[in-house]
Amino acid sequence: MAPLPNAGLVRNALQLYRYLLRCCEQLPEENIRQHYRHAIRQSFKVHADEDDPDRIQQIIKRAIEDADWIMNK
């Protein structure tokens, strides 16, 4: 299963959120999709108050790398 091709277009938190939820739609089983949707929502709540642009870009990069790894598992 390949990651979505638009990962390079993710520039902000909202775009990342949408990208990750779309990745979840491609996962094979409903319980796995629910698990990762929950994890995505929790991560966004934890980082909601982040205001350092460099840190935000670091989080986006890491989230995309993690999503690629999960999609290729």
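Remember, predicted model here, so these are calculated numbers, not experimental data. (Residues numbered from 1 in each chain as written. Predicted model: local features only at pLDDT ≥ 70, side-chain atom pairs only at ≥ 80, totals over all residues. Heavy atoms only, no water.)

Asks: Hey, could you run me through the overall build of the chain in this one?
Replies: Scanning the chain for helices and strands turns up three helices and zero strands. Along the chain, helices and strands appear, N-terminal first, in the series α-α-α. Radius of gyration (C-alpha) of the chain: 12 Å, near the 11 Å computed for a compact globule of 73 residues. For the chain, the spread of C-alpha atoms along the principal axes amounts to about 35 × 25 × 15 Å. Within the chain, the proportion of its 73 residues that are buried is 26%. (Helix = DSSP H or I, 4+ residues; strand = E, 2+ residues; numbered from the N terminus. Rg over C-alpha atoms; globule rule 2.2 N^0.38 Å. Buried < 20%, exposed > 50% of the residue type's maximum accessible area, 1.4 Å probe, protein only.)

Asks: Help me out: how do you make sense of the pattern of salt bridges in this one?
Replies: Two side chains of opposite charge can pair, provided their charged atoms sit close to one another. Under the defined criterion, the tally for this structure stands at four salt bridges. Between K61 and E65 there is a salt bridge, with the nearest N and O atoms lying 3.0 Å from each other. Here E65 and K61 lie together in helix α3 (residues 53–71), a separation of four residues that amounts to about one turn. Of the residues examined, K61 reaches a relative accessible area of 54% and is grouped as exposed. (Salt bridge = Lys/Arg side-chain N within 4 Å of Asp/Glu carboxyl O.)

Asks: Looking at this structure, how should I read the layout of surface pockets?
Replies: Picture a little ball the size of a water molecule; that probe, rolled over the atoms, points out where space is still empty. A volume near 520 Å³ is recorded for the largest pocket. Listing elements by their share of the lining of the largest pocket, those giving two or more residues are α1 (13–25), α2 (30–46) and α3. Of all the elements, α3 adds the most residues to the lining of the largest pocket, at nine residues. Along the lines of polarity and charge, the residues of the lining of the largest pocket split into 18 nonpolar, two polar and three charged. (1 Å grid on protein atoms, 1.4 Å probe; cavity = no way out; pocket = protein on both sides within 12 Å on 5 of 7 lines; lining within 4 Å. Points joined across faces, edges and corners; volume = space filled by probe spheres on them. Nonpolar A, V, L, I, M, F, W, Y, C, P; charged D, E, K, R; others polar.)

Asks: Sorry if this is basic, but what is going on with the packing of α1 against α3 here?
Replies: Relative orientation and spacing of two packed helices are given, respectively, by the angle between their axes and the distance between those axes. Interhelical geometry of α1 versus α3 gives an angle of 5° and a closest axis separation of 11 Å. As judged from the angle between their axes, α1 and α3 are roughly parallel. Taking contact as the criterion, the partners of A13, L16, Y19, L20 and C23 in α1 are, on α3, I60, A63, I64, A67, D68 and M71. By residue class, the composition of the contact of α1 with α3 is ten nonpolar, no polar and one charged. (Axes fitted to C-alpha atoms, helices over the stretch in contact; angles between N-to-C directions. Parallel < 35°, antiparallel > 145°, perpendicular 65-115°, else oblique. Contact = heavy atoms within 4.5 Å.)

Asks: Would you take a moment to explain the nonpolar core for this structure?
Replies: In summary, soluble globular proteins display a tendency toward joint burial of nonpolar side chains. Among the nonpolar cores identified, the biggest contains 16 residues, and V10, L16, Y19, L20 and I64 are the most heavily contacted of them. Put simply, the parts of the chain that give this core at least two residues each are α1, α2 and α3. Examining the composition of this core, we find that six residues originate from one element, α1, more than from any other. (Core = buried A, V, L, I, M, F, W, Y, C linked by side-chain atoms within 4.5 Å.)

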